[in-house]
Structures are given as C-alpha cells and as structure tokens.
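# Architecture at a glance
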Amino acid sequence: MTFAFFAHSILWFLLLLLLQYRIWKTKVTKMFLFSLIICLTSFCYLNLWQQKIQQQTEKEQISVVNSKLFVEPDEFTINGDLLRFSARWLGQNQDILVYYRFHSKKEKEEFEKIQVPFVAETTGNVDSIKEPTNENEFDFRRFMLTKNISNELQAKKMTVLPVLGNVGIKYGFSSYLHVLRKKMIDHLEKISQPLGWFTQVLLIGYQSESFQESMDQINKLGLLYLFTLSGMHVYYLVNLIRYLTRKMRVTQENTDILLLLILPIYGIIGGGSLGLLRSLLMSWLHIFSRRFSSVPLTGIETWSLVLLLNLIVTPAAIFSLGAQLSYLLTLILLLDHHKNQFIVGLKMGGFTIPLVLWHTYTWNIWTIPLSIMIGPIFDWFIFPVVIIGTFFSPLRGVCNQALIVLQWFFGWSSDLPGTIIFGKPPVLFVFIWLTLMLFYQITEQKIKLTVCLILSYTIAFCVIHFPIENEVTYFDIGQGDCSLIKTRFNKQIYLIDTGGKLTFNTEKWQIRNSRTNGETVVVNYLHSKGISRIDRLYLTHQDTDHVGNFPSISKNITVKQLMIPAGMEKLASFQRRLLISNVDPHVVKAVTDQAYPGKGLDLIQILHPFQSGAGKNEDSLVLLYQLYGKKFLFTGDLDQKNELKVIQKYPSLTADVMKTGHHGSKTASAPDFIEHLKPKLAIISAGRNNRYGHPDQETLLTLQKSAVPYLVTAKSGMIKIRTTFKGNFSVQTFNNNNNEEKKVKHAS
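Below: a short report on this structure. (Residues numbered from 1 in each chain as written. Predicted model: local features only at pLDDT ≥ 70, side-chain atom pairs only at ≥ 80, totals over all residues. Heavy atoms only, no water.)

Time to look at the layout of surface pockets. The gaps left among the atoms become clear once a water-sized probe is rolled over them. Here the second largest pocket is characterised by a volume of approximately 480 Å³. Considering the residues around the second largest pocket, the lining is formed by 16 residues, among which Gly350, Ile353, Ile368, Leu453 and Tyr457 are closest to the centre. Elements supplying a minimum of two residues to the lining of the second largest pocket: helix H14 (341-360), helix H17 (427-442) and helix H18 (446-465). Residue contributions to the lining of the second largest pocket peak at six residues, all from H14. (1 Å grid on protein atoms, 1.4 Å probe; cavity = no way out; pocket = protein on both sides within 12 Å on 5 of 7 lines; lining within 4 Å. Points joined across faces, edges and corners; volume = space filled by probe spheres on them. Helix = DSSP H or I, 4+ residues; strand = E, 2+ residues; numbered from the N terminus.)

Moving on, we get to the side chain of threonine 330. Inspection of the secondary structure puts threonine 330 in helix H13 (residues 321-335). The class of threonine 330 is buried, set by a relative accessible area of 14%. For threonine 330, the contacting residues outside a window of four places in its chain are Arg278, Met282, Trp303 and Leu325. (Buried < 20%, exposed > 50% of the residue type's maximum accessible area, 1.4 Å probe, protein only. Contact = heavy atoms within 4.5 Å.)

The buried fraction of helix H7 (residues 195-204) amounts to 10 of the 10 residues, a majority that puts the element mostly inside the structure. Those residues of H7 that sit buried are Leu195, Gly196, Trp197, Phe198, Thr199, Gln200, Val201, Leu202, Leu203 and Ile204. Directly after H7, the chain includes glycine 205, whose backbone phi takes a positive value near 60°.

Looking now at the sheet that holds strand E18 (residues 622-627). Pairing is mixed in the open sheet, where six strands are placed in the order E17-E18-E19-E20-E21-E22. Looking along the sheet, the strands with just one partner apiece sit at the ends: strand E17 (604-608) and strand E22 (710-712). With strand direction ignored, the average angle separating the axes of adjacent strands in the sheet is 20°. (Pairing = 2+ DSSP bridges. Axes fitted to C-alpha atoms, helices over the stretch in contact; angles between N-to-C directions.)

Phe475, Leu495, Leu539, Leu562 and Phe574 are the most contacted members of the largest nonpolar core, which has 31 residues in total. Taken together, the elements giving at least two residues each to this core come down to strand E11 (493-496), helix H19 (517-528), helix H21 (550-554), strand E15 (562-565) and helix H22 (572-580). Residue contacts for leucine 562: discarding those within four places in its chain leaves Leu537, Leu539, Phe550, Phe574, Leu578, Val583, Val587, Val588 and Lys589. (Core = buried A, V, L, I, M, F, W, Y, C linked by side-chain atoms within 4.5 Å.)

Moving on to the side chain of histidine 662. One can find histidine 662 in the loop between strand E20 (657-659) and helix H24 (671-677). Looking at histidine 662, its side chain comes within polar contact range of the side chain of threonine 667, at 2.9 Å. Leave out the neighbours within four places in its chain, and histidine 662 touches Asn617, Gly636, Asp637, Thr667, Ala668 and His694. (Polar contact = N/O pair within 3.5 Å; in protein donor to acceptor, adjacent residues only side chain to side chain.)

Given below as structure tokens:
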C-alpha cells in the first residue's frame, strides 16, 4: 500500500499545482507549500480510507440469516444458473457483492422478469473478496474496491421482497432511473441483433453475454475505448441537445440549465461507469462555471478537479486501466493543439502502450492505424447508424445489416497476425516511457527521444524474454493440476496438465458462459512472461481436472507438441477436446516409458506408463525433470499400486521436489513410495473447500512420518521454485490472503 500512498500524494501535488497556477502565478513558494500540505492531507486521507475498508472487510467467514439487501433492477446479471449483483446491505452501511445459484429453471425465469427495485432476504456466508493467488492474475478484489466493495455474500437461500416504507422513499428518484434503464436493456435484447447489442454498449453502458465474442475481438484490436461510455458519447449528447433546443428557439442560458439537470440523470441511465462519470462531471463543471462564475474553469482545471474528486470518492479507481486511459487520453487531447488526426492518433498510441502492456502484456500492431482510421468512421458511421436504427424502426433492417458487416470486419481484423506478446514490463520502465512521452510534447529534440524510447523498449523486451533463472511453477488452478517448467532464456517451455472444471449433470439452462481459468490464470501468466508458445504440453491422463482447459489454452498459446499416455488417443472425450482445440493432430504423441529417456537437451524423462492403457488414473504419465542436480517428480493421479511398480522398475529413483499424486488423496502417496523418494519438499495441488476433502489426513500423516515438508496450493496459492546453476533453489508462494510466510528460501 506504500506505492498507493506515494502515487496518490504525487497526483494530489501535481493537480493542486495546476489549479493554483492562475491564482498565484509567480508566487512559487506559496504554491509549493500549499501543495505539500495538501499532499500530506491526501496521505492521511488515503490511510483513513484504507482503515475504513479494513474495518468493513470481514477477517473470517461469518454466517448471516435473513439479512436484507436492497437491489436495483439493472444491477443483477444472470449467467446460466448463477445470479450476481451488488447491493446495499441494509443496517450495515456498506455495499456488498452477492452470488446465488438458482435451484430450478422456474426460479431463474421468475427472477428474469423482475424490473423493479426489491429487497433480497438472504441466508448464507459473508467473507472478504480475496486477492489473486497467482502471479499476474486479474485482481478482482482491487477492481471491486473501485466500487468501494470489499465483501461478498455466497447466498444459499434468497427470498425477494417488495420495496416498502422509507426504503422506497429514500431511493425513489434514483430507483426510477434504474427501472428505466432495466426496461431499455430488456427492450434492446428483443430487437434485431447486433443492433440491440451495439446500442446497449454505446448508449446505456451494458454488455450482453451474447456480445462477448465481438467485444473480445474489439479488445484484441485495442479499440475497446471506443465502445465504452466515454467523452465522445457525452459530446454527442450535449451537441444533440443544443441542436434541438436551437431548433425550438430555447435560449442558451436555459439550455445550460437543462444540461445541468440532464447530465446527472444520464450518468445513472448510462450505467455510471468511471469514464462516463468523468466526462459528465467535466462537462457539468465547465457549463456550471461558465454560467455561474465570473472566472470560468479551463479544460485543464476542470480535468484536475474531477480527478481530485475521483481520488477522494474512490481512491482505488485510479489503479484500473480504464481510469488511467480515460484520464490520460483526455489530458493529451486537452494539451494537444494539433488538428491532424494522424498525429493525434500516434501520440495517443504512444501514451497508451506503456499502460496497456502493464495491464494486458500484449500489443496489437494494428491498434494505432485502426484507431486513426476508425475514429472518423465511428463519428460519421457507427454512432449515427446505432442512433438511427434504434429510434427509426423503418430503417432498422438496413442499419442492422450495416452493423453485421462491421462485426465481420472486427472479426476479420482480429484474426490478422500482429499481436505481440511483450510481457509485463517492470514498473520503472512504465514511468520512463510515460516521462519520455511527456517530454516529447515540449522538446524539439524528438529524434533523441525516439532513440531513447526504442532502446528502452528493446531493453525491457530482452529482460522479460530472456530470464537468467530456471523455474518450476505450480499454478493454483483450483481442484485440478497444472505445472510449468521454464528454463533460462525461455529455451524450453513445458506445461504439465492444464486444470479444468468438473461439471456434474448440468442441464442446458445451468450452463454458464465464462472464460476458463486456463485463460485467466495460465495464459495470463505465460503472456506476462512474454511466452507465446509451449514446446511440449503433457496431459497425464483423461480426467477433466487435468485436461479440461487444454482447448482454451491452445487457442491463445501455440502448442508445438502434445504428449499423452498411450491409449488415451483412442478416447472419444480426448478426440472431442482435440477437435475444438487449435492443436494439430499430427503433433500428438502417445507415449510409454520407452520414449524420451531424458538425456541430452531433453530434460524430462517419462517413467510411466509401461504399456498402452485407457488414460485412467492408473495409466498416468509420471515425469522426472532434472536440472543442475535437482529432480522434480510429477505423478498425475497415479495410484499407490503403480507408484510401487515405478520404484521397482527404477530402484535408484529419488526426488528433491515431488508433486503428490491425485491432489493429496489417500489413493496415492504410498508410504514406501515417499520413503524411497526421500523428497525435500512435497507440493499438493488442491482446491479450497473441495468436495473430496483433499488433501487427505492420511497423506499428510505419511509425509509427516517421513519428515517431508509440504505446501498446498489451496493455502499457499501459486508455488514457484527457481533454480540456479549453483544448485540452489528458492521457493515462493503467492497467497496474500494467507497469514503464512510469503517467501521461503531453501539452500542445498
């Protein structure tokens, strides 16, 4: 949190300087002293905000019975059998995130009909929203803190009550606008698509689940800022109102009053996104100061005031990519006096690249040219087509066809080669790049700055793509298995299993549309390290919790070779997954222990299976990875009987680090097997509160009797082991929610 304090203090300092410049001008000493006082105030304020959040955050899980929550009708989303919404926790003076699983199709259908505010009487468990447990995983907790929400409720029972009494009075006008927005969302779902989806996104800030694929394509092209409610939407709204009032011969003074009333209303109808609120508030302050102040605010002063208010109301918002891009690009447009779309596009691209790389680790080479090209297209084609198609039904069919062509164009463009997997740059480089871009605005020595930019990007790229340490990583993938082996300079990249979510007798109405944790955890991590290919993907056996994510991973990372136990290639379940993946069937190799003995540059030896099987637990691949005298053993879900067969065939087998079989189940980790291996550390991959009770107490007792220390991903999160050429290795865990020591170093 020290970085947060520092960042906020610097921002407050700079913003106060901007706001004071016109007031005191040459009185530099007074300006700096005043700004320093404000910085100290901001430091104290952020500390108080953090303490308030910590007081609200539940330290441990608590049970609530018949707890009442006030819910707006446009705040909830339904995905399969999962209901999610943010609500006001009545009596607790805080907002809370709520999850609830529908028990029947009828219950889901009844909930979908709700179009008015309601009170949800819930029974369930309240806990804090957890921080990510894998390195560079999306920080959902920080995202919810931008909404000042720190707790979540897993509801087991829910009853919908009508809003009565003072609750209805208190939330009356605001709730009316939420009801209107909900009706608009439902109406737009029923009209021609994709027109309805584009209208939802562009006019009321709502994204349909059915539009997710198109939004992913737009995001891949780096054009997402065009399709989120931002400054241009408010610009269109203000100009449209001014045009209509002129036609109706309304005075400019009365138009300004009308705008001051309409803009806050649109903030609620538009969904209240940060970019929208920033633009609305800037427009509102500009109109208000011009109408009621003798000294109207300049654009920079308005920008500074709005950012200050943002820092006060939601301090965490400034660390989100959306907020950073929204404020930074607005500032660039305010400072830049060029009318040339090409030059403005290049400058905006130069400022956005560092932030996009820091948050997403990738960059598309077509982003800048497309931004330059699509800006006028958006102004003169996309937005007018959406407006005309929405409000003029006779032209709806033509407008819808035009948007179908546009949708095809986005899909075609996103498939073009050009995505660079850069990796996550060190934060120092991000500051350097942004600083150089700021100097680019004021200096004449642009050639030298260009050389510095190219050189610094090259250095950062090399630092990310050519690490000097070897690494074995065990992902916290829930109730599943996924491990990564990465050698120095990224020469060899091996992935062992992919994790996957088990489903039990799921009906069609229960199926959810969501990204797999193979994408959100594994692919995210690989991209953050600048990795775009997997040299070998080992699938130890057929179980979904080991192989379920391999199709989704293969669509984002190139798989050069796929290794499976002999016999598994005949299974219909494997063939179905292979068909929907991006893996070429010719690179699939079904192997036994006679293949790849682990000599020379081939660092992984296959110890099991001994013969062709059916891809079951007893047929699991057993892999031995050796480097600088250190041995890492991976056993899949191999059972005790076959563990003993492995050491019978390989009597000299030992391991420094072993991943226990079958998630710590008592069906694996035979006492004789553990005693024979004599590992210095055992890794257990298991999900939190899993239904199987993994790891089993019997397995933990076996490890204790053999004096083998162990780490469990359910408690420690991602476990990363780095080795050096000297034969030392260090162990690092990533679960900030756990009170255990975060970093443990072992020397041998």
